[in-house]
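Commentary on secondary and tertiary structure
Listed below, chain by chain, are the residues.
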Amino acid sequence: MSTNNKYISNIYWDRMWIFFEIKPVASERFFPYIINADGSYKAYLLKHSEGLYKLNITNPGNCRMLPLGTYHIAYDNAGPLEASASSSTADSFIKYCSPENKDITEDNKRFIYFHSEREYRVDFSDNDVFSFTSSDGQRTDIKKRIKIKTRLERRRHRIAKTVLRTVYNFDYFKYRKLSKHKEKNILLFSDQSEEMGSNMAALKDGLIRAGYKPEESLRAVTTKHYSFAHWMKTLKKLAKADYIFLDDHSQTTDWLTIKGATITQIWHAGAGFKSTGYSRFGMKASPAPVSGHRQYNYGITGSRNIRHFFSEVWGINDSMVLPAGMPRLDKYLDKAYQTKTKEKLLMDYPILSKRVILFAPTYRGANKKHAYYPYKKLDFDEMYRVAEETDSVFVFKMHPFVSKPVPIPEEYRDRMFDISGYPNINDLFYVTDLLITDYSSNIYEFSLMRKPILFFAFDIDGYSNSRGFHRDYRTNVPGKITETFEEMCAAIRAEDFEYEKVEEYIENNFEKTDSHACDRIIDWIIRGNIPEEYKLEMKKEFKRVIC
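Overview of the structure. (Residues numbered from 1 in each chain as written. Predicted model: local features only at pLDDT ≥ 70, side-chain atom pairs only at ≥ 80, totals over all residues. Heavy atoms only, no water.)

Let us look at the overall build of the protein chain. For the protein chain, the count of helices and strands is 16 helices and 24 strands. Scaling as 2.2 N^0.38, a compact globule of 547 residues should have a C-alpha radius of gyration of about 24 Å, and the protein chain matches this with 26 Å. With respect to the principal axes defined by its C-alpha atoms, the protein chain has extents near 80 × 65 × 55 Å. Expressed as a percentage of its 547 residues, the buried residues of the protein chain come to 52%. Long-range pairs, those at least 24 residues apart, make up 68% of the contacts in the protein chain with a sequence separation of at least 6. Approximately 25600 Å² of the protein chain is accessible, and the part contributed by carbon and sulfur atoms is 50%. Charge centroids of the protein chain, computed over 83 positive and 73 negative side chains, lie 9 Å from each other. (Helix = DSSP H or I, 4+ residues; strand = E, 2+ residues; numbered from the N terminus. Rg over C-alpha atoms; globule rule 2.2 N^0.38 Å. Buried < 20%, exposed > 50% of the residue type's maximum accessible area, 1.4 Å probe, protein only. Contact = heavy atoms within 4.5 Å. Areas by Shrake-Rupley, 256 points an atom, 1.4 Å probe, with all protein chains shown as cover. Lys, Arg positive; Asp, Glu negative; His and termini not counted. Charge placed at Lys NZ, Arg CZ, Asp CG, Glu CD.)

In structure tokens form, the structure reads like this:
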């Protein structure tokens, strides 16, 4: 093995990203990559900054988990667009030089999933050549205690899924292979709710305007049980579909492989900060290495500046997230709709004619079943005094997952109102003067109203540790952050909202706000007219991995 002067000076993690500092900084063409022991798998690292490169173990570039095996770090001067699987790597291995005799095994990491029973591990070593090993298996540090009832339920679920897969495959063969398939079958699909979300509802309207007849399948499988007959109907729709649109994670796609359909995720969160999906791999309620996210052909976002946040969540490449714009913005930005909606709101809820402070935080808890908001953090006496002093009303719109109503004292209802039952929070933004939230994605649409936002993030450190963020919360939110109730009230009284951050946020998060997002989605995905620049980006990204 020939020697070279390149060496790894440091290794560290950021969630599921491994960062490698490589010295000396290369002035020539320099493309580091990982390669397994037999040379059959090669994945180029992404450049983060000068001398700093990174690898996402949940998606090295081919929308799959980093395969199990032992890897070395090497480099070439060709790069992924010119290299091939047969490229010579014998002369280009990069060694690790431990800073201050650091034990490299301190950087070993494990990612827990499947009810905390399994783990994906990455272990570092530095013998003759620096390497790391990825492995997967049962956790060895816990005693596996599964109740008999749980074992029986899992067995029943496995049998049910096997039966349903068989039904689906039969339906697929029947409707796709044996029938004449002429019309484009479009399915709007949800496993999260029996009510259609705003993004999907907007897309449905756009499809109908364009002459299509989309089918629907809306369920709430996390909280409800459905009959076998219901599942038969659902599987029939999935088998017939040419295009499937989701607006959230679908548990069905975790165990059912969809055939013959283009799957597009039009996630409801425009540009939230909460980590979810693979961005929090190994944390509580994270997905398994293989999940429904892996089946997406495309995702939709509002700007190419932020699509890497979405691709990270879904474990797909940045280029697969198309900046077509969020469908629900088409109606939201329509001036006629704004006027009509505002007039109706003021008629139905006269309290909204005053200065409106909309309190709309996200939920706490692991999932929909355990969702709550800690109302004890709010002093309703003090909030009422603030409302009086500023001649305002507090309107509460809690997350749909939070079932417990806001405990507003009866004597304060002239200036406090719980409107959580109203179906579309975006409508409320037209009559809102100040939004108070925390880690919710509702800041996305509200920012376009160009009104102030105040953040009540009393649990920012704990939330960050347990839930995690895509990006640094403190430096990216479009408004002032308050971490105590007293700070929040003081900011309202002083009108100290750091409003200048709103315009910066809009510039970074929106590329198209022309009310034609649905038209673009239909044209690009259903009619196949994805712009060439995005097609080229997809080809380049997939070349990062050579198998």
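Next, the rest of the story.
A cluster of nonpolar side chains, Ile159, Val163, Phe228 and Met232, forms an exposed patch at the surface whose accessible area comes to about 360 Å². Among the secondary structure elements, those contributing two or more residues to the nonpolar patch are α1 (148–177) and α3 (228–240). Within the element layout of this structure, Val163 appears in helix α1. (Patch = residues over 30% accessible without salt bridge, like charges linked within 9 Å, V, L, I, M, F, W, Y side chains within 5 Å. Salt bridge = Lys/Arg side-chain N within 4 Å of Asp/Glu carboxyl O.)

Below, the discussion takes up the layout of surface pockets. Computed from the structure, the second largest pocket encloses a volume of approximately 1000 Å³. Secondary-structure elements contributing two or more residues to the lining of the second largest pocket are β2 (17–23), β3 (31–36), β5 (46–49), β6 (52–56), α5 (307–314), α12 (473–476), α14 (500–509) and α16 (532–542). Among the elements that take part in the lining of the second largest pocket, α14 stands out by supplying five residues, more than any other. Its residues placed into classes, the lining of the second largest pocket shows 18 nonpolar, 12 polar and 15 charged. (1 Å grid on protein atoms, 1.4 Å probe; cavity = no way out; pocket = protein on both sides within 12 Å on 5 of 7 lines; lining within 4 Å. Points joined across faces, edges and corners; volume = space filled by probe spheres on them. Nonpolar A, V, L, I, M, F, W, Y, C, P; charged D, E, K, R; others polar.)

Taken together, the seven strands give an open sheet; going across it, the order is β9-β10-β11-β7-β3-β4-β24, and neighbouring strands pair in antiparallel fashion. Among the strands making up the open sheet, the edge pair consists of β9 (109–113) and β24 (545–546). Bridge analysis of β3 against strand β7 (residues 69–76) gives six bridges, and the strand direction is antiparallel. Looking at the pairing, Tyr33 lines up with Ala74 of β7. (Pairing = 2+ DSSP bridges.)

With 69 residues, the main nonpolar core has Leu238 and Ile244 as its most contacted residues. Not counting chain neighbours up to four residues away, the residues in contact with Ile244 comprise Leu187, Phe189, Leu238, Ile258, Ala261, Thr262, Ile263 and Thr264. If you look at the next biggest cluster of nonpolar residues, it comprises 36 residues, including Ile8, Phe20, Leu45 and Tyr71. (Core = buried A, V, L, I, M, F, W, Y, C linked by side-chain atoms within 4.5 Å.)

Right, let's talk about helix α8 (residues 380–389) for a bit. Every buried residue belonging to α8 is among Phe380, Glu382, Met383, Tyr384, Val386 and Ala387, and all of these are buried. Residues of α8 that are buried make contact with β19 (392–396), β20 (416–418) and α13 (485–494). The distance from a side-chain oxygen at the start of α8 to the backbone nitrogen of Asp381 is 3.1 Å, and the residue carrying that oxygen is Asp379. Directly after α8, the chain includes Asp391, whose backbone phi takes a positive value near 50°. (Polar contact = N/O pair within 3.5 Å; in protein donor to acceptor, adjacent residues only side chain to side chain.)

Counting buried residues along helix α15 (residues 517–526), eight of its 10 residues qualify, which places the element largely inside the surrounding structure. Along α15, the positions that sit buried rather than exposed are Ala517, Cys518, Arg520, Ile521, Ile522, Trp524, Ile525 and Ile526. Once α15 finishes, Gly528 follows within two positions and takes phi at roughly 80°, a positive value.

This part is about the sheet that holds strand β17 (residues 321–322). With parallel pairing, the six strands of this open sheet are ordered in space as β13-β12-β14-β15-β16-β17. Two strands close off the open sheet at either side, each with one partner strand: β13 (215–218) and β17. Relative to strand β15 (residues 262–265), strand β14 (residues 243–246) runs parallel, the two sharing four bridges. Its bridge partner lying in β15, Leu246 is registered against Gln265.

This part covers a negative patch on the surface. The grouping of Asp379, Asp381, Glu411, Glu486 and Glu487 at the surface amounts to a negative patch. Within the element layout of this structure, Glu487 appears in helix α13.

What follows concerns unusual backbone geometry. With omega at -15°, the peptide bond leading from Lys23 into Pro24 counts as cis. Here Pro24 is to be found in the loop between β2 and β3. Positive phi outside glycine occurs at Cys63, with the angle close to 65°. In this structure, Cys63 sits in the loop between β6 and β7. Among the residues examined, Cys63 registers a relative accessible area of 4% and is labelled buried. One non-glycine residue with positive phi stands out, namely Ala285, at about 70°. Inspection of the secondary structure puts Ala285 in the loop between β15 and β16 (298–300).

Within a regular strand, side chains alternate between the sheet's two faces. By the criterion of burial, β2 is predominantly enclosed, with five of the seven residues buried. Here strand β1 (residues 7–14) hands over to β2 after two residues, with Arg15 in that stretch at a positive phi of 60°. One ladder, built from five bridges, connects β2 with β6; its direction is antiparallel. Looking at β6, one finds that Phe19 is bridged to Lys54.

Moving on: the side chain of Thr432. Among the secondary structure elements, Thr432 is positioned in the loop between α9 (425–428) and β21 (434–437). Classification of Thr432 by relative accessible area gives buried; the value is 0%. A polar side-chain atom of Thr432 sits 2.7 Å from the main-chain carbonyl oxygen of Leu428. In contact with Thr432, not counting residues within four places along its chain, are Val356, Leu358, Phe446 and Lys451.

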